[in-house]
Amino acid sequence: QQSNENYDFSFKILLIGDSGVGKSSLLISFISAYSAHSAPTIGVDFKIHLLTVGGKRLKLTIWDTAGQERFRTLTSSYYRGAHGIILVYDVTQRETFTNLSDVWAKEVELYSTNQDCVKILVGNKVDLESKRAVSKEEGIELAKELGCMFIECSAKTRQNVQQCFEDLALKIMEVP
Ligand code: GDP
């Protein structure tokens, strides 16, 4: 979507995945500094972030489920018009990984109306290496199956967090 305002493109980005995988933390980590928080707010929330990638000024509107996913009530309106989807799992919780293919990818298929929507699979919490329950190779494999890009990161240390959003934005810009 092209605009006349002080940015070149405006993209809607969604964060999805099980509760507790670190979606809100990734968003906070990307936009400001990581801060541990425990009490999730209920309801869909979004943040707007301006950044320059590949010489283009982008306005990213990033939607976070903010706990709503626990009630399985994300609806088509959440997905409507999304340019990019960040599918997050926790590398220390195997179930959050299997749920991506069993639950979330199916929901994306059902509700995401944009055929050109770009997806990135994100294994979060890699700072907890000793508790790892999903290997990087498995992540790469699932990403292939789902037709996603792939990255491992840590919202806590901010490792690869910027990279994740920039990779996604760059790919979205490649969409004709
Ligand atoms: P959400 O429910 O998916 O939004 O997950 P939250 O962002 O609320 O994170 C759930 C919990 O995991 C919180 O206690 C966070 O502090 C913690 N957390 C999130 N990301 C990381 C990470 O990269 N590393 C570690 N060690 N903990 C994290």
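Residues numbered from 1 in each chain as written. Predicted model: local features only at pLDDT ≥ 70, side-chain atom pairs only at ≥ 80, totals over all residues. Heavy atoms only, no water.

Novice: Before we move on, could you go through the pairing of strand 5 (residues 118-124) and cite the residues and values that matter?
Specialist: Strand 5 sits mainly inside the fold: six of its seven residues count as buried. Bridge count for strand 4 (residues 84-90) against strand 5 is seven bridges, and the pairing is parallel. Across the sheet, Ile-85 pairs through a bridge with Lys-119, a residue of strand 5. With four bridges connecting them, strand 5 and strand 6 (residues 149-152) associate as parallel partners. Note that in strand 6 the partner of Val-122 across the bridge is Ile-151. Running through helix 4 (residues 136-146), the crossover from strand 5 to the neighbouring parallel element strand 6 is right-handed. (Buried < 20%, exposed > 50% of the residue type's maximum accessible area, 1.4 Å probe, protein only. Helix = DSSP H or I, 4+ residues; strand = E, 2+ residues; numbered from the N terminus. Pairing = 2+ DSSP bridges. Right-handed = clockwise from strand over helix to strand, strands pointing away.)

Novice: Break down the side chain of Lys-12 for me, citing the residues and quoting the values.
Specialist: Tracing the backbone through its elements, the reader meets Lys-12 in strand 1 (residues 9-16). The charged side chain of Lys-12 is buried without a salt bridge, its nearest counter-charge being Glu-107 at 12 Å. When neighbours within four sequence positions are excluded, Lys-12 is seen to be in contact with Thr-61, Trp-63, Ser-77, Tyr-78, Tyr-79, Arg-80, Gly-81, Ala-82, His-83 and Gly-84. (Lys, Arg positive; Asp, Glu negative; His and termini not counted. Salt bridge = Lys/Arg side-chain N within 4 Å of Asp/Glu carboxyl O. Contact = heavy atoms within 4.5 Å.)

Novice: Describe helix 4, naming the residues involved and giving the relevant values.
Specialist: Of all the residues in helix 4, the buried ones are Gly-139, Leu-142, Ala-143 and Leu-146. Around the axis of helix 4, the buried residues are gathered within 105° of arc, so they sit on the same side. In helix 4, the exposed residues that point more than 90 degrees away from the buried face are Glu-137, Lys-144 and Glu-145. Each element contacted by the buried residues of helix 4 is listed here: strand 4, helix 3 (94-111), strand 5 and strand 6. Taken from the residues just after helix 4, Gly-147 is the one with a positive phi, measuring 70°. (Arc of directions from axis to C-beta.)

Novice: So what's going on with the pattern of salt bridges? Which residues, and what values?
Specialist: Inspection of every chain in the model, using the stated rule, returns six salt bridges. The partner of Arg-57 in a salt bridge is Asp-8, with the nearest N and O atoms 3.2 Å apart. Of the two residues, Arg-57 is situated in strand 3 (residues 56-64) and Asp-8 in the segment before strand 1; the sequence distance between them amounts to 49 residues. For Asp-90, the salt bridge is made with Lys-125, and the minimal N-O distance between the two is 3.2 Å. With Asp-90 in strand 4 and Lys-125 in the loop between strand 5 and helix 4, this residue pair connects regions lying 35 residues apart in the sequence. A relative accessible area of 3% places Asp-90 in the buried class. Through salt bridges with shared partners, one network takes in Glu-129, Arg-132 and Glu-152.

Scope: geometric values only; no functional claims are made or implied.
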